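Each chain, letter by letter, is given below.
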Number of protein chains: 2
Amino acid sequence: MIPVSERMYALGSNRSEIRELFEYGKKRIAEVGKENVFDFSLGNPSVPAPACVKETLKKLVEQTDPVLLHGYTSAQGDASVRKACADFIRSKHGAECGENDFYLTCGAAASLSISLSAIAGAGDEVIVLAPFFPEYRVFIAQAGMKCVEVKCREEDFQIDLDAFEKAVGPHTKAVIVNSPNNPSGAVFSRETIEKLASILSSAEKKNGRPVYILADEPYRELVYDEGIEVPFIPNFYNDTIVCYSFSKSLSLPGERIGYIFVSPKAAFHSEVYFAVCGAGRALGYVCAPALFQRMIPACLGKTSDISVYKVNRDLLCRELSAYGFQVGRPDGAFYLFLKAMEPDARAFCERAKAHDLLIVPSDSFGFPGYARIAYCVSTDMIRRSLPAFKALAEEYR
Amino acid sequence: MIPVSERMYALGSNRSEIRELFEYGKKRIAEVGKENVFDFSLGNPSVPAPACVKETLKKLVEQTDPVLLHGYTSAQGDASVRKACADFIRSKHGAECGENDFYLTCGAAASLSISLSAIAGAGDEVIVLAPFFPEYRVFIAQAGMKCVEVKCREEDFQIDLDAFEKAVGPHTKAVIVNSPNNPSGAVFSRETIEKLASILSSAEKKNGRPVYILADEPYRELVYDEGIEVPFIPNFYNDTIVCYSFSKSLSLPGERIGYIFVSPKAAFHSEVYFAVCGAGRALGYVCAPALFQRMIPACLGKTSDISVYKVNRDLLCRELSAYGFQVGRPDGAFYLFLKAMEPDARAFCERAKAHDLLIVPSDSFGFPGYARIAYCVSTDMIRRSLPAFKALAEEYR
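Parameters and conventions
Residues numbered from 1 in each chain as written. Chains lettered and ligands numbered in written order. Predicted model: local features only at pLDDT ≥ 70, side-chain atom pairs only at ≥ 80, totals over all residues. Domains from an automatic or database assignment. Contact = placed C-beta atoms within 7 Å. Helix = DSSP H or I, 4+ residues; strand = E, 2+ residues; numbered from the N terminus. Nonpolar A, V, L, I, M, F, W, Y, C, P; charged D, E, K, R; others polar. Axes fitted to C-alpha atoms, helices over the stretch in contact; angles between N-to-C directions. Left-handed = near helix turned anticlockwise from the far one by under 90°.

**Q** Before we move on, could you go through the domain arrangement of chain A and cite the residues and values that matter?
**A** Residues and elements named next belong to chain A. Segmenting chain A into domains produces domain 1 (6-50 + 305-394) and domain 2 (52-299). The centre of domain 1, based on its C-alpha atoms, is set 26 Å off from the matching centre of domain 2. Contact residues are listed per partner, giving 28 residues for domain 1 and 33 residues for domain 2. Looking at the side of domain 1 that touches domain 2, the elements with two or more residues in it are helix H12 (307-322) and strand E9 (335-339). In the side of domain 1 that touches domain 2, the residues fall into 16 nonpolar, eight polar and four charged.

**Q** Describe the interface of chain A and chain B, and please don't skip the residues or the numbers.
**A** Quoted interface sizes are often the accessible area lost when the parts come together. Counting residues at the interface gives 69 residues for chain A, matched by 69 residues for chain B. Here the side of chain A that touches chain B gets 10 residues from one element, more than from any other, and that element is helix H10 (residues 269-282) of chain A. Partitioned by chemical class, the residues of the side of chain A that touches chain B number 44 nonpolar, 17 polar and eight charged.

**Q** Could you give an account of the packing of helix H6 (residues 107-119) of chain B against helix H10 (residues 269-282) of chain B, naming the residues involved and the relevant values?
**A** For any two helices packed against each other, the geometry is given by the interaxial angle and the distance between the axes. Residues and elements named next belong to chain B. Look at H6 against H10: their axes get within 8 Å of each other, and the N-to-C directions meet at 120°. Helix-helix and strand crossings are classified by hand; for H6 and H10 the assignment is right-handed. Taking contact as the criterion, the partners of Ile 114, Ser 115, Ser 117, Ala 118 and Ile 119 in H6 are, on H10, Val 272, Ala 275, Val 276, Gly 278, Ala 279, Gly 280 and Ala 282. Looking at the contact of H6 with H10 residue by residue, the class counts come to eight nonpolar, four polar and no charged.

**Q** So what's going on with the environment of Thr 73 of chain B? Residues and values would help.
**A** Along the chain, Thr 73 of chain B falls in the loop between helix H4 (66-69) and helix H5 (79-93). C-alpha of Thr 73 of chain B to C-alpha of Arg 90 of chain B: the two residues are 17 residues apart in sequence and 24 Å apart in space. Not counting the four nearest positions on each side in its chain, Thr 73 of chain B is found in contact with Gly 254 of chain A together with Asp 78, Cys 287, Ala 290 and Gln 293 of chain B.

Pasting the structure below:
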């Protein structure tokens, strides 16, 4: 027996498949050179942060009293920053809200783990819509709840509403909705969200207690075509908690900055908000990084130059289809969900690895038979990788 | 019944006494003006970060590729930063260690909550030495362990080794050692640490499993007199996990940057280290803020100008003694532990509040009958506060 937590040891010694592949990539680069490894493993934005980030950071560091700049903020975040977030959400989405609906966090993972711990009760279940970000399982287990998986429709990766309705029961406490989706790239339509909301409203009445939507939205701004709407879920469903992160929109994934927005229309708003504050405290968060909190007001609504991702998506979709791969056309995020050319996606990705193509098998996303390609990489790398993809496809002829 | 976690709701709606007082102070300042409120509530450093912080931040923001600068690091932190920490600890304290003994965190609270979750087993107990930072109780409960309180000796706030030895039992998993101490300002002597180590070594043999020291060390550099040694605990006891933060030494409490150092001499080093990685993952930390990680190498071993704190300590000790207060002379940290002039410290602090003196009653620190004065404030504010302290003392004549 080991003298530490078995669960934590298992989580630490078995790294996530994505992280594992990323570490392998770094090793492989050292062996064969950067130009010969095609690492599509990690959702690490490849385009630099927008100018507002650098300018604001410089200005803050140069002009603000360091005692104030780097000092503690309130646990829920600096009040003026929270107000700026509320003003932005109000004007952008028309949702009534104020500073006391916002709690600043160390990014989306923190937003989710805090929110889940906040709402958790004994015996509660959380529904996740496969394919989903594998760490959901970890965060739900940490909060002491049960993870219930419901598969999306394979034809378009929209929510399978019949299957979803069947999965909702008396113990359902929440459903995590991630749109634009990691890893499928699907954007859940307004119609889908409306129907989801209607199913959950019925469940609330039946259960006599709230069922929350946790809207995991790090990819909100990352959509590439005219007319693609990303519905703002609090406008469709009252008991919504938005878990937002600036990691992807501002290309700041290492800085850990985001927020939790508890919709003021939620039935037990102040209970949820206080529980969020309590969970942040219990998990040791104290406050979100102060300098990056203060950067937020100048950068709200801005994004990195995401046109590169559109170029990448279009290039990959066109070429991979031509080689015979079955690939949807993702509307958002920066992931492409590729059908594996054999039933076992892990075996497929191992064969890709032999071509130094690092793509993630979909098993851990709860949707076997696919591979995730993170196309937040240089277009040049994609071009150089195409012969490898072609060779891979030819192996399956 | 509320539809959220009762525990988290309680933690969020009942703020810590310290935070509560700090928020009151902000309100009071708005009412009567900054110059009339003497806020000694919070351990928020009052001296600016040293020049290396501003210079390094500016240089990093101006000269580093933003994709690299703000990108994800490995979960345990950037390898070159961890190596710099190891090199520093090796040369400063002569402790053999390397980059794989370090795990970078979002500050001391994160270091503690991650470490506690990492080592937690069912039925385990953690000993805390009163007076202690009140959040220890929260972090220990979060990890699912039992908090066992042992009082320090009232005459010098060193560890009461007899009482400690009696408290150590078959379920003892760890003891949290915080020196220089918050709130007493005591620095545990080398002799005390040696005896503590000897008691714990016996317990390890008896129990047949490790008993960890969690060395909570945000105040390590904050000592004010020649000849005061802060023993580096891993040199005295193998099963030590150091929970360090740069918050106080570099005046960066809002930025949340620190580390966990698992001594390579710990019996189950790799199990502990992996469990730390797992706990960081489960609690949603992903990685420590990247920009501040990269700031570390240039700032190791540097501190803010702490001479101000010495001036403050000496001034307060001299004047408060003259007014009739019973006050020790703290060797380190930036807290003064004042004996309340009536048995009920909360009543005493309420009477202080009537003079706009904001000091924290010691009850939540597990050591009733005292008040904590955080003297990380301007010397000028201390001078202005002296008549209020005098008036308070006179009320008790």
